[in-house]
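Structural overview
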Amino acid sequence: MTSKVAEETLGYEQARDELIEVVRRLEAGGTTLEESLALWERGEELAKVCRRWLDGARARLDAALAEEEGGAADEADAE
């Protein structure tokens, strides 16, 4: 397995691509139970990395939209 440091440095696209590969290998079968469990655990870690990236992106979008709405309200008040 990877360390927390390596996991935290994964970009969204890297984590997503690796997760796709993990899912492909699990769906293909042919792995031992131990290998399947290791793949599953890695997939869970990668899914969490992706979720953190997506949550961060959502927060940034929400903040930008709030600023835009606040700016529009300030302009309306000025008129």
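In the block above lies the structure referred to throughout.
These notes cover the structure that comes with them. The model shown is predicted, which means the values in this text are computed figures rather than measured ones.

The helix and strand inventory of the protein chain stands at 3 helices and 0 strands. Shown N-terminal to C-terminal, the secondary structure of the protein chain runs as helices and strands in the order α-α-α. Considering only residue pairs separated by 6 or more positions, the protein chain has 76% of its internal contacts joining residues 24 or more positions apart.

A contiguous patch of negative charge on the surface is contributed by Glu34, Glu35, Glu41 and Glu44. With respect to the helices, strands and loops of the structure, Glu44 is situated in helix H3 (residues 33–78).

So, about the nonpolar core. Within soluble globular proteins, side chains that are nonpolar tend to cluster in buried spots. Core analysis: the largest hydrophobic core is formed by 7 residues, namely Leu10, Ala15, Val22, Leu39, Leu46, Val49 and Cys50. Ranked by residues supplied to this core, first place goes to H3 with 4 residues. Leave out the neighbours within four places in its chain, and Val22 touches Leu39, Arg42, Gly43 and Leu46.

Here we take up the side chain of Arg42. Topologically, Arg42 is positioned in helix H3. For Arg42, a relative accessible area of 8% translates into the label buried. Side-chain polar atoms of Arg42 contact the side chain of Glu18, separated by 2.8 Å.

Looking now at the pattern of salt bridges. Within this structure, the stated rule accounts for 6 salt bridges. In this structure, the salt-bridge partner of Arg42 is Glu18, at a minimum N-O distance of 2.8 Å. Here Arg42, found in helix H3, pairs with Glu18, found in helix H2 (residues 12–28); they are 24 residues apart in sequence, far enough to count as distant. Since its relative accessible area comes to 30%, Glu18 is described here as partly exposed. For Arg24, the salt bridge goes to Glu21, with nearest N and O atoms at 2.5 Å. Within this pair, Arg24 and its partner Glu21 are both found in helix H2, separated by 3 residues, close to a single helical turn. Overall, Arg24 belongs to the partly exposed group, its relative accessible area being 46%. Where salt bridges share partners, they join Glu18, Arg42 and Glu45 into one cluster.

Reading the values: rules and limits
Residues numbered from 1 in each chain as written. Predicted model: local features only at pLDDT ≥ 70, side-chain atom pairs only at ≥ 80, totals over all residues. Heavy atoms only, no water. Helix = DSSP H or I, 4+ residues; strand = E, 2+ residues; numbered from the N terminus. Contact = heavy atoms within 4.5 Å. Patch = residues over 30% accessible without salt bridge, like charges linked within 9 Å, V, L, I, M, F, W, Y side chains within 5 Å. Areas by Shrake-Rupley, 256 points an atom, 1.4 Å probe, with all protein chains shown as cover. Salt bridge = Lys/Arg side-chain N within 4 Å of Asp/Glu carboxyl O. Lys, Arg positive; Asp, Glu negative; His and termini not counted. Charge placed at Lys NZ, Arg CZ, Asp CG, Glu CD. Core = buried A, V, L, I, M, F, W, Y, C linked by side-chain atoms within 4.5 Å. Buried < 20%, exposed > 50% of the residue type's maximum accessible area, 1.4 Å probe, protein only. Polar contact = N/O pair within 3.5 Å; in protein donor to acceptor, adjacent residues only side chain to side chain.

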